[in-house]
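These are the residues of each chain, in order.
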Amino acid sequence: DSGVTQTPKHLITATGQRVTLRCSPRSGDLSVYWYQQSLDQGLQFLIQYYNGEERAKGNILERFSAQQFPDLHSELNLSSLELGDSALYFCASSAGLRSVGELFFGEGSRLTVL
Amino acid sequence: QQQVKQSPQSLIVQKGGISIINCAYENTAFDYFPWYQQFPGKGPALLIAIRPDVSEKKEGRFTISFNKSAKQFSLHIMDSQPGDSATYFCAAIRGSGNQFYFGTGTSLTVIP
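Residues numbered from 1 in each chain as written. Chains lettered and ligands numbered in written order. Predicted model: local features only at pLDDT ≥ 70, side-chain atom pairs only at ≥ 80, totals over all residues. Heavy atoms only, no water.

## Focus on the pattern of salt bridges
Phase 1: Applying the stated criterion across every chain yields a total of eight salt bridges over all chains.
Phase 2: For glutamate 26 of chain B, the salt bridge is made with lysine 71 of chain B, and the minimal N-O distance between the two is 3.4 Å. On the criterion of sequence distance, the pair formed by glutamate 26 of chain B in the loop between β3 (19-25) and β4 (30-38) and lysine 71 of chain B in the loop between β7 (62-67) and β8 (72-77) is long-range, its members being 45 residues apart.
Phase 3: Lysine 71 of chain B sits in the partly exposed class, given a relative accessible area of 21%.
Phase 4: For lysine 57 of chain B, the salt bridge is made with glutamate 59 of chain B, and the minimal N-O distance between the two is 3.6 Å.
Phase 5: Within the structure, one salt-bridge network assembled from shared partners comprises Lys9 and Glu107 of chain A together with Lys42 of chain B. (Salt bridge = Lys/Arg side-chain N within 4 Å of Asp/Glu carboxyl O. Helix = DSSP H or I, 4+ residues; strand = E, 2+ residues; numbered from the N terminus. Buried < 20%, exposed > 50% of the residue type's maximum accessible area, 1.4 Å probe, protein only.)

## Brief notes about the side chain of threonine 13 of chain A
Residues and elements named next belong to chain A.
Phase 1: Mapped onto the elements of the fold, threonine 13 is located in strand β2 (residues 10-13).
Phase 2: Taking the relative accessible area as the measure of exposure, threonine 13 reaches 16% and is therefore buried.
Phase 3: Sequence-distant contacts of threonine 13, defined by excluding residues within four places in its chain, comprise Val19, Leu81, Leu111, Thr112, Val113 and Leu114. (Contact = heavy atoms within 4.5 Å.)

## Overview of the confidence of the model for chain B
Phase 1: Per-residue confidence for chain B averages 93 on the pLDDT scale, and 96% of its residues sit at or above 70.
Phase 2: Per-element confidence in chain B is highest for β8 of chain B, whose mean pLDDT is 98, and lowest for strand β10 (residues 100-102) of chain B, whose mean pLDDT is 86. (pLDDT = per-residue confidence, 0-100.)

## What to know about the packing of aromatic side chains
Phase 1: Inspection of the entire model under this criterion finds 21 aromatic pairs over all chains.
Phase 2: Aromatic pair phenylalanine 105 of chain A and phenylalanine 102 of chain B: ring centres 6.1 Å apart, planes at 75°, arrangement edge-to-face. With phenylalanine 105 of chain A in strand β10 (residues 104-105) and phenylalanine 102 of chain B in strand β10, the pair connects residues from two separate chains.
Phase 3: For phenylalanine 105 of chain A, a relative accessible area of 4% gives the class buried.
Phase 4: Looking at phenylalanine 102 of chain B, the relative accessible area reads 3%, which means it is buried.
Phase 5: Relative to phenylalanine 66 of chain B, the ring of tyrosine 25 of chain B lies with its centre 6.2 Å away and its plane at 25°, an arrangement referred to as stacked. Of this pair, tyrosine 25 of chain B sits in strand β3 while phenylalanine 66 of chain B is found in strand β7, placing the two residues 41 residues apart along the sequence. The residues tyrosine 25 of chain B and phenylalanine 66 of chain B share a single accessibility class, namely buried.
Phase 6: An aromatic cluster is defined as three or more aromatic residues linked by ring pairs; in this entry it consists of Tyr33, Tyr35, Phe45, Phe90 and Phe105 of chain A together with Tyr36, Phe89, Phe100 and Phe102 of chain B.
Phase 7: Above the plane of the ring of phenylalanine 104 of chain A lies arginine 26 of chain A, whose end atom (NZ or CZ) is 3.6 Å from the centre. (Phe/Tyr/Trp six-rings, centres within 6.5 Å; stacked < 30°, edge-to-face > 60°. Lys NZ or Arg CZ within 6 Å of the ring centre and 35° of its normal.)

Right under this line is the structure:
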């Protein structure tokens, strides 16, 4: 058990809809990362937050947004969903701003867009 | 653009054999190279990592070989076991440490 909790584990929705994925990092970790995993793209970095502030941005679509709350949990919002957004979304956390060391991953949220 | 290229996409090895997964990168600013192991239904977990100032790191049956001049690194799993069956991701990180660049993953199956 990594200590990172993600909800929901599975989500099925329709195109055009909006969903919110939630992540609780390991106790004490200040950095939260979001990754998208698809079969042909591997793990794609979306965005990083550190102590409530956005610190790095990867290949995150404009339809997607995220935030980290004062209690350090994070939410990833996906809107105007398309079939291609179907993927496994992982949250990971690390202790500091610079994560040279280890990322701790949750078990992921599997999103299916029909 | 894939910052880290990983091969093969899938690998089948007999129990007791050696599994080898290769990765290559272009950005010489990368200075930390971890490998993550992912079992079905689970998130990736750190397996072993290396910095470019060493050419090899060994932990049990797992070894990373690093070739700085060729900008390549590989994971060797000696005496592969069915319990090693998982997806393996290599990654590279710049000194700032904000972004892990992952390879596309290798699905390893070890058959008894």
